[in-house]
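Each chain, letter by letter, is given below.
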Amino acid sequence: MSAGTFAPRPGAAPVSRMIAAQTALETRMLLRNGEQLLLTVIIPALLLVLFSSVDVVDTGAGKSVDFLAPGVLALAVMSTAFTGQAIATGFDRRYGVLKRLGASPLPRWALMASKTLSVLVTEVLQVALLTVIALGLGWSPHGDPLSVAVLLLLGTAAFSGLGLLMAGTLKAEVTLAAANLVFLLLLVGGGVIVPLDKFPDAVRPVLELLPIAALSDGLREVLREGSGLPWGDAAVLAVWAVLGLGAAAKFFRWE
């Protein structure tokens, strides 16, 4: 039998096809996970509806939803790119999934690219859902969509780097606890629900340097104030992205 009779031809698929297939798998696994759905969809949506409908927190002049919607969008990015990715990748590492995939024809860089693309796909769904809910609550967004996209991408890069760093250096159980704790702390102190000007002057400069605060405030400047790209907040996110991704690439352990 000649070599030309085999159909399909034996061998690895093109890297682009492998990345697409792995991205689809990662996305399906994320959307089927109840805990991940709670973090990525249910909690942000509930917070948006609750605090927009009930006057619990003083969000300043204007409608509450105009302040809360950008912050909840930032929270959605953090929940997927940081918390969800850290927990999922940490347990993949613990159970040997990463080690086995690393030995497959799928290159390791392509596996990480697939995880990143899965995060982006999930975020598109999150942003669409939360935008519909916010518009139903009376949200009136302004500003340049391109500036919003740049901030969301920078935020995704920053939180992905931190999530992968945590997942690649800590035990899975520690990652689970730490990622959820960080999520709660940044939810409270990152300007998502409570404006940063409500915090003491001594801690406010530190809080403003957090990635969640930079993303929340940046989105607010664009979507609430109608300004262009806030370069200061973008710079903070870019620094976090470089540091997080660089540290993850250096210290990530596959086993």
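Everything discussed here concerns the structure shown above.
In this report, the structure presented in the accompanying data block is examined. Note that the coordinates shown come from a computational prediction; the quantities given were computed from them, not determined experimentally.

Focus: the environment of Asp 92
In step 1: Within the element layout of this structure, Asp 92 appears in helix α3 (residues 64–94).
In step 2: Those residues in contact with Asp 92, other than ones at most four positions away along the chain, are Val 97, Leu 98 and Lys 115.
In step 3: In terms of polar contacts, Asp 92 uses its side chain to reach the side chain of Lys 115, at 3.2 Å.

Re the packing of aromatic side chains
In step 1: Within the structure shown, the criterion is met by 1 aromatic pair.
In step 2: Ring centres of Phe 91 and Tyr 95 lie 6.1 Å apart, and the angle between their planes is 35 degrees; on these two criteria the pair is classed as tilted.
In step 3: Overall, Tyr 95 belongs to the exposed group, its relative accessible area being 53%.
In step 4: The aromatic ring of Phe 67 is capped on one face by Arg 220, whose charged end is 3.7 Å from the ring centroid.

Some details on a nonpolar patch on the surface
In step 1: A surface patch of nonpolar side chains, about 230 Å² in accessible area, is lined by Leu 31, Val 121 and Leu 125.
In step 2: Residue position: Leu 31 is located in helix α1 (residues 15–32).
In step 3: Looking at Leu 31, the relative accessible area reads 33%, which means it is partly exposed.

Let's talk about the pattern of salt bridges
In step 1: Overall, the coordinates contain 5 salt bridges when judged by the stated rule.
In step 2: With a shortest N-O distance of 3.4 Å, Glu 26 and Lys 115 are connected by a salt bridge. With Glu 26 in helix α1 and Lys 115 in helix α5 (residues 108–136), the pair connects residues that are 89 residues apart, well separated along the chain.
In step 3: Among the residues examined, Glu 26 registers a relative accessible area of 11% and is labelled buried.
In step 4: A relative accessible area of 4% means that Lys 115 is categorised as buried.
In step 5: For the salt bridge of Arg 220 with Asp 217, the shortest nitrogen-to-oxygen distance reads 3.4 Å. Taken together, the residues span about one helical turn, with Arg 220 and Asp 217 both in helix α9 (residues 211–223) at a distance of 3 residues.

Describing helix α6 (residues 145–169)
In step 1: In a regular helix each residue adds 1.5 Å, so 25 residues correspond to 36 Å; α6 covers 36 Å between its end C-alpha atoms and thus fits that length.
In step 2: Near the N-terminus of α6, the side chain that reaches the backbone nitrogen of Leu 146, with its oxygen 3.1 Å away, is that of Asp 144.

Remarks on the side chain of Ser 160
In step 1: Among the structural elements, Ser 160 can be located in helix α6.
In step 2: Only 3.3 Å separates the side chain of Ser 160 from the side chain of Gln 85, close enough to count as a polar contact.
In step 3: Apart from the residues within four sequence positions on either side, Ser 160 is in contact with Ala 81, Gln 85 and Leu 245.

Overview of the packing of α3 against α5
In step 1: For the pair α3 and α5, interaxial distance at closest approach is 10 Å and the crossing angle is 150 degrees. As the angle between them shows, α3 and α5 are arranged roughly antiparallel. For α3 against α5, the interelement crossing comes out right-handed. Contacts between α3 and α5 pair Val 65, Ala 69, Val 72, Leu 73, Ala 76, Val 77, Ser 79, Thr 80, Ala 81, Gln 85, Thr 89 and Asp 92 from the former with Lys 115, Thr 116, Val 119, Thr 122, Glu 123, Gln 126, Val 127, Leu 130 and Ala 134 from the latter.

Conventions we followed
Residues numbered from 1 in each chain as written. Predicted model: local features only at pLDDT ≥ 70, side-chain atom pairs only at ≥ 80, totals over all residues. Heavy atoms only, no water. Helix = DSSP H or I, 4+ residues; strand = E, 2+ residues; numbered from the N terminus. Contact = heavy atoms within 4.5 Å. Polar contact = N/O pair within 3.5 Å; in protein donor to acceptor, adjacent residues only side chain to side chain. Phe/Tyr/Trp six-rings, centres within 6.5 Å; stacked < 30°, edge-to-face > 60°. Buried < 20%, exposed > 50% of the residue type's maximum accessible area, 1.4 Å probe, protein only. Lys NZ or Arg CZ within 6 Å of the ring centre and 35° of its normal. Patch = residues over 30% accessible without salt bridge, like charges linked within 9 Å, V, L, I, M, F, W, Y side chains within 5 Å. Areas by Shrake-Rupley, 256 points an atom, 1.4 Å probe, with all protein chains shown as cover. Salt bridge = Lys/Arg side-chain N within 4 Å of Asp/Glu carboxyl O. Expected span 1.5 Å × (residues − 1). Axes fitted to C-alpha atoms, helices over the stretch in contact; angles between N-to-C directions. Parallel < 35°, antiparallel > 145°, perpendicular 65-115°, else oblique. Left-handed = near helix turned anticlockwise from the far one by under 90°.

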